Amino acid sequence: MSEVNSAGDGPGAAPDQGKSEPADRGAGAGPTPAEGGDADGRGTGARLGGWTRFVTARPRLSLLVALLLTALAVVAGSGVADRLGSGGWEDPTAESTYATKALEREFPASQPNLLLLLHAGGSSVDDPAVAAEAKRVTARLAAEPGVTGVGSYWQSGSPALKSRDGHEALIAARITGDETAAADTLDRLAPSYRGRSGPVEVEIGGPVAVRHEMQTTIREDLTRAELIALPVTLLLLVMVFGSAIAALLPLGVGIFAILGTNAVLRGLTEVTDVSVFAMNLTTALGLGLAIDYALFIVRRFREELATGAAPRAAVGTTLRTAGRTVLFSSLTVAVSLAAMLLFPQYFLRSFAYAGIAVVLLAAGAALILLPAALVLLGHRVNALDLRRLFRRGAPRAAEGGAAWGRTASLVMRRAPLFVVATTAGLIVLGLPFLGVKFGTADDRQLPSTAESHVVQQHIRDGFPGSPGGGLEVLAEGPATATQYAEYGKRIAALPEVQRVDGPLVKGDAAYFTVLPEGEAVDEGAQRLVGELRATHAPFTTAVTGTAAVLVDSKDAIGDRLPWAAGFIAIVTLLLVFLLTGSVLIPVQAVLLNALSLTAMFGAVVWVFQDGHLSGLLDFTSSGSIETTLPVLMFCVAFGLSMDYGVFLLSRIKEEYDHTGDHQEAVRFGLQRTGGLITAAAVILAVVMVAIGTSRVANTKMLGLGIALAVLMDAMVVRSLLVPAVMRLTGRATWWAPGPLRRFHDRFGLSEGEAPAAAPAPATEPAGEREPDRDPVEAR
């Protein structure tokens with residue numbers, strides 16, 4: 001994982017490689033066009049030269065402002081976790097959402113979110129002493145402020161509220177208010193109801209308890225993940241950079257991005273709902289992307305220092321080269337995350353809010369604050385080389401780069417074999433996803449020892465009819481008792497129905513409770529939702545319940561998924577074209593990035609849906625994948641894959657612009673970036689694995705799945721498939737029609753400095769040109 005030294009590309013280099021690198025690659029050759037030295041002062045070079053002067057003119061002031069902003073972010077973002085929600089999987093515009101809100105308003109008892117499970121020990125719940133205590137607890141709960149719709153087995157005698165063995169029964173209620181108010185009420189009630197109460201033992205469950213426990217668990221797990229990730233990341237950075245000073249710089253950028261994003265999320269909670277799960281993405285991307293960007297900035301800066309450049313000039317060259325790449329990379333990641341704004345579920349939108357904020361803040365810190373720090377540090381950036389404690393003799397950093405160069409040469413010599421083998425392997429790894437089953441997030445996201453999980457598991461295993469898992473049909477409009485009765489008979493005759501309760505009438509509104517034959521969200525229950533909605537009624541009906549929410553969520557995602565995928569593809573194609581000037585490379589990048597995600601999706605189904613490794617990873621499989629998770633994982637992993645793709649392509653493009661040699665440019669690009677991309681991927685994977693140690697299954701799935709995707713992309717796709725495909729496409733890789741070529745010449749950017757003013761390039765005689773090379777651009 002050693003950093004490749006700029007002077008150490010010797011092994012495997014082309015004989016004339018030293019000549020192919022123009023003198024202005026180093027910063028010590030005087031003003032270049034990119035610094036404003038072009039004759040007319042126009043164009044990209046002048047703009048970037050002005051930017052360089054801006055960010056390096058007053059470095060101490062820049063860092064002081066950053067310190068003040070960080071302090072403000074700490075204050076502004078304090079308490080953000082307490083204001084975040086733990087739901088957001090439903091479509092707010094769906095029929096099920098409308099029906100849920102209407103029932104909550106008119107019939108609060110129909111939507112209980114708090115369940116008290118009473119254990120009678122060896123006695124029956126019908127024992128007089130048990131019944132008396134249960135009625136006392138019920139009456140006490142009904143008198144609590146913020147609680148409504150209280151009912152119990154001892155009041156209604158409903159068999160659905162009594163366990164099959166007769167030793168347990170339920171009290172159901174609804175805590176009013178939004179998620180924050182409900183959580184506060186639960187915190188107030190739980191200590192006085194939980195535990196032994198006379199002859200019964202009381203445990204607390206229900207959706208509000210599940211959400212609250214999930215929120216608390218995520219907050220605790222996130223703190224633990226940060227404590228794991230930060231020291232391990234610092235150690236890996238020291239191994240990459242050698243210098244402890246250089247290793248601390250990426251961490252500083254990451255901390256700035258994380259704290260800034262927390263402040264942004266805190267502000268967003270004032271105007272919209274934000275999911276608590278977004279905190280995990282903030283930490284992961286804040287550290288991961290900040291480290292990626294800082295790695296490439298610091299590495300290029302040290303590379304320029306090694307050529308003899310002064311620190312300020314080295315920063316200028318770094319911003320014109322690696323800085324441009326960081327800018328494009330951050331845009332591609334932000335585009336992938338922005339696609340989640342197209343979905344109505346605030347769970348997904350929250351990740352877009354957090355992701356876009358942290359990406360832009362990480363890139364901003366890498367392009368503004370980090371250069372200021374590098375100007376002040378100068379050659380001291382190489383201080384405190386801790387690797388000397390673990391090695392003897394002089395470092396041999398060049399060997400890593402040479403190995404990547406040899407790998408690229410080997411892959412290109414056997415390009416067809418590598419293309420077929422890696423593509424087939426990735427497809428095979430993704431095959432389990434063909435059997436994916438979508439479901440909803442429930443208590444099984446929590447550890448098996450969590451109280452609310454224990455309560456819900458008792459209900460699933462021991463109670464008839466899956467209490468709380470039925471469907472509610474809201475009926476609105478004037479109707480007679482006869483019309484209600486006839487409608488009830490029609491829905492009771494549907495093939496998937498076990499029992500129909502109701503109607504309960506209030507004015508011109510009523511509702512029926514329909515229990516499906518099977519599980520609450522299985523395929524039969526989902527079919528029943530459609531059948532209920534298609535059943536004729538003399539009044540307006542709306543169906544809700546767990547299965548209805550799932551059906552509506554799947555429909556919402558299915559309707560918007562093509563738009564989101566098209567948005568990502570089109571904008572990514574445009575950005576990569578602006579970077580490379582090629583028509584084929586953007587298409588390759590999108591297709592290969594999508595292919596790199598197959599292993600992640602296959603593993604998600606094989607592990608988390610089918611339950612393999614559930615014992616090792618300590619989670620409970622629900623037999624399905626929450627509907628929004630694949631969308632989230634695709635957007636995040638695709639953006640990160642493009643991040644690494646841009647770093648590799650930009651260096652290949654830089655070399656191709658200097659030499660016109662396609663194969664050598666691919667070899668050189670992988671030689672210069674292969675080790676660094678792998679190091680960055682390993683560090684990001686460490687952060688994601690730390691997130692994956694969460695006790696909440698969805699967070700575990702997110703962290704471990706993206707870690708796998710990042711490693712597969714860096715070690716398989718970038719190292720093997722990309723150079724093999726580029727070898728097969730040959731010179732056509734860089735082709736673009738005339739109008740697009742002129743468009744790129746005018747508006748495009750790429751890593752590498754603008755050509756210096758020089759005589760018209762000489763034309764190489766056709767007979768002296770190698771068949772598979774483009775004309776060499778004379779400098």
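Sequence order as written defines residue numbering, which begins from 1 separately in each chain. Residue-level local features of this predicted model are given only where pLDDT is at least 70; pairs of side-chain atoms are given and counted only at 80 or more, and the full residue set underlies all totals for whole chains, interfaces and linings. With hydrogens and water excluded, all non-hydrogen atoms of the structure serve as input to the side-chain values.

J.: I'd like to hear about the sheet that holds strand β7 (residues 471-476), residue by residue, with values.
T.: For two strands to count as paired, DSSP must find a minimum of two bridges between them. Put simply, DSSP H or I for four residues or longer makes a helix, DSSP E for two residues or longer makes a strand, and each gets a number counted from the N terminus. Strand order in this open sheet of four strands is β8-β9-β7-β10, and the pairing throughout is antiparallel. Two strands close off the open sheet at either side, each with one partner strand: β8 (497-506) and β10 (540-545). The average undirected angle you get between the axes of adjacent strands in this sheet is 20°. Where β7 and β10 come together, six bridges link them in antiparallel fashion. When the sheet's bridge partners are listed, Val-473 is paired in β10 with Val-543. It only takes one pair of heavy atoms within 4.5 Å for two residues to be counted as in contact. Only C-alpha atoms enter the line fits that serve as axes; for helices the fit covers just the stretch in contact. Angles between N-to-C directions range over 0 to 180 degrees. Each of β7, β8, β9 (509-516) and β10 is contacted by helix α17 (residues 523-534), which is oriented at about 10° to β7, the strand it contacts most.

J.: Go over helix α23 (residues 662-692) with me, naming the residues and quoting the values.
T.: Throughout, the bend at a residue refers to the angle made by two axes, fitted to the seven residues ending there and to the seven starting there. The sharpest bend along α23 comes to roughly 45°, located at Thr-673. Under the scheme applied here, a residue whose accessible area is under 20% of the maximum for its type counts as buried, over 50% as exposed, and between as partly exposed, the area being computed with a 1.4 Å probe on protein chains only. α23 sits mainly inside the fold: 27 of its 31 residues count as buried. Where α23 begins, the side chain of Asp-661 points an oxygen toward the backbone nitrogen of Gln-663, at a separation of 3.3 Å. Polar contact criterion, stated in full: a pair of N or O atoms within 3.5 Å, where within protein one must be able to donate a hydrogen and the other to accept it, and residues adjacent in sequence count only if both atoms are side-chain atoms.

J.: An account of the nonpolar core is needed here, citing residue identities and associated values.
T.: Of all hydrophobic cores here, the largest spans 159 residues; its most connected members are Phe-277, Tyr-293, Leu-295, Leu-374 and Leu-632. In terms of residue count, the dominant contributor to this core is helix α12 (residues 346-377) (18 residues). Excluding anything up to four places from it in sequence, Tyr-293 contacts Val-326, Ser-329, Ser-330, Val-333, Val-359, Ala-362, Ala-363, Ala-366, Asp-643 and Phe-647. Here, nonpolar core means buried Ala, Val, Leu, Ile, Met, Phe, Trp, Tyr and Cys residues that are tied together by side-chain atoms lying within 4.5 Å of each other. Counting 35 residues, the second-largest nonpolar core is a separate cluster that includes Val-125, Ala-172, Ala-182 and Ile-204.

J.: Tell me about the environment of Ala-365, and name the residues and values.
T.: Locating Ala-365 in the fold gives a position in helix α12. Residue class for Ala-365 comes out buried when judged on its relative accessible area of 2%. C-alpha of Ala-365 to C-alpha of Gly-254: the two residues are 111 residues apart in sequence and 8.6 Å apart in space. The residues touching Ala-365, leaving out its near neighbours within four places in the chain, are Val-253, Phe-256, Leu-370 and Pro-371.

J.: Tell me what's going on with the packing of helix α20 (residues 598-609) against helix α24 (residues 697-729), and back it up with residues and numbers.
T.: As a packed pair, α20 and α24 sit with axes 9 Å apart at the nearest point and diverge in direction by 145°. Where α20 crosses over α24, the handedness of that crossing is right-handed. Contacts between α20 and α24 involve Ala-599, Met-600, Ala-603, Val-604 and Phe-608 from the former and Ala-697, Lys-700, Met-701, Leu-704, Gly-705, Ile-706, Leu-708, Ala-709 and Met-712 from the latter. Two helices crossing with the near one rotated counterclockwise from the far one by less than a right angle form a left-handed crossing, whereas a clockwise rotation gives a right-handed crossing.

J.: Tell me about the pairing of β7, residues and numbers included.
T.: Extensive coverage of β7 is indicated by the burial of five of its six residues. Direction of pairing for β7 relative to β9: antiparallel, over a ladder of six bridges. Across the sheet, residue Leu-471 finds its bridge partner in β9, namely Val-514.

J.: Help me get a handle on the packing of aromatic side chains, residues and values and all.
T.: To pair, rings of Phe, Tyr and Trp, with the six-membered ring standing in for Trp, must have centres within 6.5 Å; the planes then decide the type, stacked if under 30 degrees apart, edge-to-face if over 60, and tilted in the middle. Counted under the stated rule, the structure contains 17 aromatic pairs. Look at Phe-347 and Phe-351: their rings are 5.1 Å apart centre to centre, the planes differ by 70°, and that puts the pair in the edge-to-face class. Here Phe-347 and its partner Phe-351 are both found in helix α12, four residues apart, which amounts to about one turn of the helix. A single burial state applies to Phe-347 and to Phe-351, both of which are buried. Look at Tyr-487 and Phe-539: their rings are 5.3 Å apart centre to centre, the planes differ by 75°, and that puts the pair in the edge-to-face class. Taken together, the residues Tyr-487 in helix α16 (residues 481-492) and Phe-539 in the loop between α17 and β10 connect sequence positions 52 residues apart. Among the residues examined, Phe-539 registers a relative accessible area of 7% and is labelled buried. An aromatic cluster of at least three residues, connected via ring pairs, comprises Trp-89, Phe-277, Phe-347 and Phe-351.

Spatial relationships are all this shows, so hold off on functional conclusions.
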